[in-house]
Structures are given as C-alpha cells and as structure tokens.
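One-letter residues, chain by chain:
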Amino acid sequence: MTFTSQQYLHALAPIDKVIDAFIEEEKSSNTDVWSIQSQGRFADLLASSPDASPDLSNTDIKIECDGIEFLPSEKYVQKLMKRYTTRLEMEGKELEDNNLASLVCHFSMSQISKLPDPADSCLLTYQVPCRDLSRQMKHDLLRIRIYPHHNDVGVAKVWEAGACLAEYLMQYPECVRGLSCIEIGAGVGLTGFIAAAVGAKSVHMTDYTDATLENLIYNVSINNEWLGDRGIDTDTVSIGNLEWGEYAEHDCCSHPADVLIAADVVYTVECIPDLVATVSKFLSSGSSTNAKVALFATTYRNRSTFALFERELEKKRIMCAYKSQDKMPYVFPCYFNQPRSDVRICTMTLSE
C-alpha cells in the first residue's frame, strides 16, 4: 500500500517518510520540489494541525481536515517543520513562501516545553480498507488516541506488534471470523478494532491500568460510526479489566471466547509467569470439540526474555506455530522503534 504525505502525517509516521512522500508527490506533478509553490503546499500540509496554526491558541481543539478529525503532537509537527527547512537549506534554497515563514516564526516564538507532558494526547487516523466493497463508507478512517509522553505503555503509542497483528488479521481473517475473541494487553485498541472489522463474532478488549482502560473507552466511543459503517454491532465490542495473574488463578473473565489475541505483551521477565499461566488457563478451558487458540504477535527485543517465554510455554505443553508474514499488507505506517522483521506472529495450542 502506498501512502500519501497526509496519511503519513496523520499516523505520526517517521518525519522523513512524510517529507519523502511529499517530495514524490511534487515530482509527480512536474513541480520543482523546493519552489515557492511547493513550499506553500508543504505549509498547507502542516496547517492541517491546530498546533501548527499561528491563529489557534487552544491546543486542545480538534479540527476537521477533509472530514478527518486529527490532533498531532506539537513537538512532532515542530520537528517535521525543522527537518523540512533544514533539507531546504541543504538544497541551497531560500525560504520564500509567506505561510511557511509564518509557521517557522510561530514555532520559533512559541514556548514549547522541553519537558514532555504526559497529559498531551494525539489523535491518529488510519485508512483501513473495508472487506465488504459493496458498503457505502461515510466513516472510512479509524481514529486512535494516544498519549506519546505518558509513562503508561498502554496509552503511549501503537506498538509494532499490534500493527503487525492487525495487518495479519486483515490478510487472514479466518483466524477470527465468526469467533468470539478476547484480547489481553489491548493498549490503544487497534488490533481489537481490526479483529472486529474482519468478522469476529465479538471482541472483548482488556487491560488493567486506569489510564489504558479510560483511553480504550474513549477510542471505542469515537469509532462507533466506523464500526457501524462496517455492519458491526457496537455491542459486540466491549472493554474490561483483566489482570493476567487473577485470570489464571480465578478465571474471573466473564467473556468466554474461542480465540485469545495479544500483541507486544512479552516485554519483561517479571511478566512471563502470569502471562504464560493466563494463556495456559485459556487454552485448557477448551474441549475436544471446541479447541481454543491463542494468536500472539511479539516484537523480538531481548533474546533471553523471549527464550524464557518459549521455555515456559513448553513447560505448560503449549505449542507455537510461527507464521509467515510475506503476504501481509502494509496498512499502518506507525513509528516503529524496530523493523517489522523483528515481529514474530504465532498461534498457540495445547499439545495432545
């Protein structure tokens, strides 16, 4: 999938991807990519952000840009503008467009705190293809709120494995189609939304911190129309508190499911015992006629942590079948700290 500069911007993708896409768009229209006209169009792109507009003092406002509610990080837009003007200078060009010059002045004069504010939120948007091409889509953009400077990892970003698992489900919807799903460590909710969109009977997204659960509730509320356009009953998408250790000990989840999905939940050695116990508890609740399956996406960050995870699964007689990602679509241009090739996707089942 090819992304426009606006799509990259609205996903808060790496800033060089935004600029490179913009340059390619200018080249395709046979325009001098550093001309005053091109500079003006880049200013228009930046001005789709309320924080980038000198006339807007309320940074909490959400604006409409071509029907898209979009609220980026002010620091992100500032870095994007600085990178563009640096590349302009490297090409030996001068800043000529008045609108772009106003933005440069605005960011030079504005008091952007050097210390990250955990209360600052962003609203990302993603163009997600609908599996039913006959549907008339009024709301084709999935919106996800994040808090990029928050110390709670559940609200900080769309994590690498979450984006990859969502793309995997889009390529292989039969993994969840017609089945009830429970997601652990749901974070900002991207993977759960896609599970619902590709045909899951129901999706119960769980996490355990107050900040994450409150943000999940918000993200579901702003995507009700997006779900409805896809023929999804919003009552089939739910949110709940689930701590892995408690689920493993007490089976406290009131939403029975056929499939357990999880992404980027293997991150510390300390979390592994409760995580593996939870997976084991879930898989053991199946029967010969209704076997349960877990579908995991894990970013390979630390060799010893991942090796411990695999050993603990083996002790519980849990088999992992790793899946090829060769044919996966590229739908979510997220800011990845690690390459997509570091993400491993597998199905888990109990051995006989």
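Residues numbered from 1 in each chain as written. Predicted model: local features only at pLDDT ≥ 70, side-chain atom pairs only at ≥ 80, totals over all residues. Heavy atoms only, no water.

Judged by pairing direction, the sheet is mixed, and its seven strands sit side by side in the order S7-S6-S5-S8-S9-S11-S10 without closing on themselves. The open sheet terminates on both sides in strands that have one partner only, identified here as strand S7 (237–241) and strand S10 (318–322). Adjacent strand axes in the sheet meet at a mean angle of 25 degrees, parallel and antiparallel pairs treated alike. Inspection of the sheet shows strand S5 (residues 180–184) paired to strand S8 (residues 259–263) by four bridges, in the parallel sense. Bridge assignment links Cys181 to a residue of S8, and that residue is Val259. On top of the sheet, helix H9 (residues 210–222) reaches strand S6 (202–207) and S7; it is set at about 170 degrees to S7, its chief contact. (Pairing = 2+ DSSP bridges. Helix = DSSP H or I, 4+ residues; strand = E, 2+ residues; numbered from the N terminus. Axes fitted to C-alpha atoms, helices over the stretch in contact; angles between N-to-C directions. Contact = heavy atoms within 4.5 Å.)

If you check the backbone angles, Asp264 has positive phi at about 55 degrees while not being a glycine. Positionally, Asp264 belongs in the loop between S8 and helix H12 (272–284). A relative accessible area of 10% places Asp264 in the buried class. Of note, Arg317 is a non-glycine position whose phi angle comes to about 60 degrees, a positive value. (Buried < 20%, exposed > 50% of the residue type's maximum accessible area, 1.4 Å probe, protein only.)

A few words on helix H2 (residues 15–28). Counted at 1.5 Å a residue, the expected span for H2 with its 14 residues is 20 Å, and the 20 Å between its end C-alpha atoms agrees. For H2, the complete set of buried residues consists of Ile15, Val18, Ile19, Ala21, Phe22, Ile23 and Glu26. On its buried face, H2 is in contact with helix H1 (5–10), helix H3 (36–46) and helix H4 (74–90). Positioned one or two residues after H2, Asn30 has a phi angle of 55 degrees, which is positive. (Expected span 1.5 Å × (residues − 1).)

Right, let's get into the pattern of salt bridges. For the structure on display, the rule yields ten salt bridges. The closest approach of N and O atoms between Asp16 and Arg83, which form a salt bridge, is 2.7 Å. Here Asp16, found in helix H2, pairs with Arg83, found in helix H4; they are 67 residues apart in sequence, far enough to count as distant. Of the charged contacts, one joins Lys315 and Glu312 as a salt bridge, the two residues approaching to 3.1 Å between their closest N and O atoms. In this pair, Lys315 and Glu312 are both assigned in helix H13 (residues 303–315), three residues apart and thus about one turn of the helix distant. The class of Lys315 is exposed, set by a relative accessible area of 63%. By sharing partners, the salt bridges in this structure join Asp16, Asp20, Arg83 and Arg87 into a single network. (Salt bridge = Lys/Arg side-chain N within 4 Å of Asp/Glu carboxyl O.)

Another point: the nonpolar core. Counting residues in hydrophobic clusters, the biggest one holds 74 residues, and the most contacted among them are Phe42, Leu80, Tyr126, Val158, Ile194 and Phe332. Counting residues per element, this core draws most heavily on helix H7 (residues 160–171), at seven residues. Leaving out residues up to four positions away in the same chain, Leu80 has contacts with Leu9, Ile15, Val18, Ile19, Phe42 and Leu46. With 25 residues, the next largest nonpolar core counts Val265, Val276, Leu283 and Ile318 among its residues. (Core = buried A, V, L, I, M, F, W, Y, C linked by side-chain atoms within 4.5 Å.)

With that settled, consider empty space enclosed by the protein. In this structure the tally under the stated criterion is one cavity of 30 Å³ or more. Space inside the largest cavity adds up to approximately 50 Å³. Per-element tally for the lining of the largest cavity: the top contributor is H13, with four residues. By residue class, the composition of the lining of the largest cavity is eight nonpolar, one polar and two charged. (1 Å grid on protein atoms, 1.4 Å probe; cavity = no way out; pocket = protein on both sides within 12 Å on 5 of 7 lines; lining within 4 Å. Points joined across faces, edges and corners; volume = space filled by probe spheres on them. Nonpolar A, V, L, I, M, F, W, Y, C, P; charged D, E, K, R; others polar.)

Taken as a whole, the largest pocket spans an internal volume of roughly 670 Å³. Along its surface, the largest pocket is lined by 34 residues, and Val153, Gly185, Asp207, Asp264 and Tyr267 are the ones closest to its centre. Of all the elements in the fold, those that place two or more residues in the lining of the largest pocket are helix H6 (153–156), H7, helix H8 (190–197) and helix H11 (244–250). Here the residues of the lining of the largest pocket sort into 14 nonpolar, ten polar and ten charged. Each pocket or cavity is described by its volume, and for the second largest pocket that value is around 530 Å³.

On to a negative patch on the surface, then. Taken together, the side chains of Glu243, Glu246, Glu249 and Asp274 present a region of like negative charge at the surface. Tracing the chain through its elements places Asp274 in helix H12. Classification of Asp274 by relative accessible area gives partly exposed; the value is 40%. (Patch = residues over 30% accessible without salt bridge, like charges linked within 9 Å, V, L, I, M, F, W, Y side chains within 5 Å. Areas by Shrake-Rupley, 256 points an atom, 1.4 Å probe, with all protein chains shown as cover. Lys, Arg positive; Asp, Glu negative; His and termini not counted. Charge placed at Lys NZ, Arg CZ, Asp CG, Glu CD.)

Taken residue by residue, the protein chain gives an average pLDDT of 86. The fraction at 70 or more is 87%. The low-confidence segment residues 50–68, where pLDDT is below 50, has 44 contacts with residues more than four positions distant or belonging to other chains. (pLDDT = per-residue confidence, 0-100.)

Within S8, five of the five residues are buried, which leaves it mostly tucked inside the rest of the structure. Where burial is concerned, the two faces of S8 agree: the one with Val259, Ile261 and Ala263 and the one with Leu260 and Ala262 are both buried. Across five bridges, S8 lies against strand S9 (residues 293–299) in parallel orientation. Bridging from a neighbouring strand, Ile261 pairs with Leu295 of S9.

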